Amino acid sequence: MTLLQSDPVTQLAFSVYENKGVFAVFLGSGLSRSAEIPTGWEITLDLVRRVAMAQETEEQADWAKWYRDKTGQEPNYSALLEEIASSPDERRAILHRYIEPSTEDREQGRKVPTKAHHAIAQLVRSGHIRVIITTNFDRLMENALREQGVEPTVVASVDALAGAEPLVHSRCYLLKLHGDYKDARILNTDQELSTYPSSYDRLLDRILDEHGLIVCGWSGEWDHALRAAFLRAPNRRYPVYWSTRGSLGTGAVELANHRNAKIIQISGADEFFQTLQQRVETLEQSQRQNPLSIELLVNSTKRYLAKPEYRIQLDQLFSQEAGRLLAQLDDYSFAPHGQWNQEDFRSRVSRYEALAEPLARMAGALGRWGEGNDLTLVLDILKGIYHQAEKIGNGLKIWLGLRSYPAVLIFTAYGVGLTRAQRWQTLHEFLVTLWPREHREPCSVVSTLFLWSWKGDEQDVWNQLDGLRQRKTPLSDHLLEVISSWRSSFAGVSPDFDLVFHRFETLAALAFLEENDEATLEQAASNTPHGLFARMPVGRAGWHSSSATTLIHELQSEATIAALLDAGFARRSNRFLELFVESFKRYVAKMS
């Protein structure tokens, strides 16, 4: 017996993880049935019952038997629907009541996305699944996707296909072969399902040829045009996994044999897709550096900081980790060429964060517990990362800008560590340090790596991350989320960590403003009695009212003014600091 012989779901999880975006999911009526949306057979029997009751027939224990006795034929969904409703509009109206959830349905959890739908949506969000094919009329899959922040390209008619985003460019391509229950052009009858439009056939041929397939909830017995597409698919370059409760029917066996499908016995779609999604997620997490090794690096940093005689070991520790990071940042997966893709952007951000985490947490610890000698070490690392990012000048602008994202993470972690320790002089020196740039004027650290002054914060791309679509400061919001997850290494468990982060960003904005002289700011403020008069990056504190109020109060207190001016902030000028506070207040008024 092989390691995975009795575990096809793990085998599938490896295939899905290692071949990101290659597998398409095919969903039949069984998936909707678990949401208590009736199958075609159940709708057929209910239509038989309703017609019979309208003809004043008594209630029957077995409506299928009654129909056979009455007509001499088997109950047939297509034939019955054609007999009751002659037009597509009438058929759509009949189906509407079986699919659309009522208020009571919603309260009882019926006719809403199931755990399987949500698990598939999570696989789409992570970029492992990009194509979904379904014979279902309902919108359960679309609703689950949108709950995950994914807006699918939905093709439910020939017209929609003609105007749809191309398959190769879509983050999620949802092909509803038989239409949508709110569209009169749904396909119901045997005649309607016997052939597809030629454009559908071409699309299906491409998907079945270029993708692996995960089948769930489809009997494979009906849908003649779909069966024909399976049977004419020429290649088996990627496998087909066919999940089933019990044995496959004769028609499904023919299709499975033709595609050499691997059969997976399941207890239900919810359990199957949840297990698959969790195992894919586990595989992704296993690629991250071992958390124990990260903790070891952070603890070693703290131990070497404790005694001056360990200075050499500390330097070597950082040099080795920086070398590891630099080697990984040139991986082919970070190549700056190719078209913009939202999922690729999300994936790159996540991978950059995983690679930078050890060094960022170590830098945060330096900021919190260092005594001054650490600044040169951090600056050297940041220069090295930024220089390597700048080595490549050709490619998509967004990918080029993102290459220095690890430097932004380390810059932020170290700055927050300095802020947490109130090491104001080192923080100011860190922010305003100039570093040389080839063929360009030297530029300060804060004007290179802070919020929108960093070249990677362009075109609102950070709104593309989950949960940040409507945010005013998406990069700042995301950085807080990331740094918060690392803060145990350098900021402890203080309940006011958000305020520490906001304080760092506000002081960084002050350091950025110092590139202006006081006279210029004075004149700009007098010429602009209302509105913004100074250009500076402002993060979350600009709209976070409680933090803004606290920070303004701090910046106007004698103790804080004395400490900041003594550290070199605001050009050591009380009036310059007053102008900054006025500028910050106007940003707060505008952003909030």
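See the structure above.
So, here is what we can say about the structure in this document.

Cut-off values and rules
- Residues numbered from 1 in each chain as written.
- Predicted model: local features only at pLDDT ≥ 70, side-chain atom pairs only at ≥ 80, totals over all residues.
- Heavy atoms only, no water.
- 1 Å grid on protein atoms, 1.4 Å probe; cavity = no way out; pocket = protein on both sides within 12 Å on 5 of 7 lines; lining within 4 Å.
- Points joined across faces, edges and corners; volume = space filled by probe spheres on them.
- Helix = DSSP H or I, 4+ residues; strand = E, 2+ residues; numbered from the N terminus.
- Nonpolar A, V, L, I, M, F, W, Y, C, P; charged D, E, K, R; others polar.
- Axes fitted to C-alpha atoms, helices over the stretch in contact; angles between N-to-C directions.
- Parallel < 35°, antiparallel > 145°, perpendicular 65-115°, else oblique.
- Contact = heavy atoms within 4.5 Å.
- Core = buried A, V, L, I, M, F, W, Y, C linked by side-chain atoms within 4.5 Å.
- Buried < 20%, exposed > 50% of the residue type's maximum accessible area, 1.4 Å probe, protein only.
- Salt bridge = Lys/Arg side-chain N within 4 Å of Asp/Glu carboxyl O.
- Pairing = 2+ DSSP bridges.
- Right-handed = clockwise from strand over helix to strand, strands pointing away.

This part covers empty space enclosed by the protein. Summed over the entire model, instances satisfying the criterion amount to 4 cavities of 30 Å³ or more. In this model, the largest cavity occupies a volume close to 50 Å³. Lining of the largest cavity is provided by L27, S32, H117, T134, N136, D138, M141, E142, L174 and K176. Sorting the residues of the lining of the largest cavity by element identifies α9 (140-147) and β4 (173-176) as the ones contributing at least two each. Its residues assigned to classes, the lining of the largest cavity shows 3 nonpolar, 4 polar and 3 charged.

Take the packing of helix α21 (residues 405-421) against helix α25 (residues 497-513) next. Running from amino to carboxyl end, α21 crosses α25 at an angle of 110 degrees, the nearest separation of the two axes being 9 Å. By the angle class used here, α21 and α25 are roughly perpendicular. Contacts between α21 and α25 involve F411, T412, G415, V416, T419 and R420 from the former and F497, V500, F501, R503 and F504 from the latter. Each residue belonging to the contact of α21 with α25 can be placed in one class, and the counts come to 6 nonpolar, 3 polar and 2 charged.

Our next topic: unusual backbone geometry. Even without being a glycine, E56 presents a positive backbone phi close to 65 degrees. Mapped onto the elements of the fold, E56 is located in the loop between α3 (40-54) and α4 (63-71). Positive phi values are uncommon outside glycine, yet Q422 reaches one of about 55 degrees. With respect to the helices, strands and loops of the structure, Q422 is situated in the loop between α21 and α22 (424-432).

With that out of the way, let us pick up the nonpolar core. One finds Y405, F430, L431, L449, W462, F569 and F580 to be the most contacted residues of the largest nonpolar core, which totals 105 residues. Top contributing element to this core by residue count: α25, with 12 residues. Within the second largest apolar cluster, 35 residues are counted, among which are C172, I264, F272 and L283.

Glancing now at the pattern of salt bridges. Under the definition given, this model contains 28 salt bridges. Of the charged contacts in the structure, one is a salt bridge between D180 and K176, with a shortest N-O distance of 2.8 Å. Residue classification places D180 among the buried residues on the basis of a relative accessible area of 7%. Its relative accessible area of 0% is what places K176 among the buried residues.

What follows deals with the sheet that holds strand β6 (residues 240-244). Two modes of strand pairing occur in sheets, parallel and antiparallel, and in both the strands are linked by backbone hydrogen bonds. Read from one edge of the open sheet, 7 strands run β3-β4-β2-β1-β5-β6-β7, paired in parallel fashion. At either end of the open sheet lies a strand with only one pairing partner, and these are β3 (153-155) and β7 (262-265). The sheet shows a mean angle of 20 degrees between the axes of neighbouring strands, direction not considered. Pairing between β3 and β4: 3 bridges, direction parallel. The residue bridging V154 from the neighbouring strand is L174, located in β4. The strands that helix α8 (residues 115-125) touches are β1 (23-27) and β2 (129-134); relative to β2, the one it contacts most, it runs at about 140 degrees.

Let us look at α9. Every buried residue belonging to α9 is among L140, M141, E142, A144 and L145, and all of these are buried. In this structure, the buried side of α9 is in contact with β1, α2 (29-33), α8, β2, β3 and β4. Downstream of α9 by one or two residues, G149 has phi in the positive range, about 80 degrees.

Side chains of β4 alternate between two faces, with Y173 and L175 and L174 and K176 buried alike. By the bridge criterion, 4 bridges tie β2 to β4 in an arrangement that is parallel. By the bridge assignment, V131 is partnered in β4 with Y173. For the crossover that starts at β3, traverses helix α10 (residues 158-163) and ends in the parallel β4, the hand is right-handed.

These figures come from the coordinates and say nothing about function on their own.
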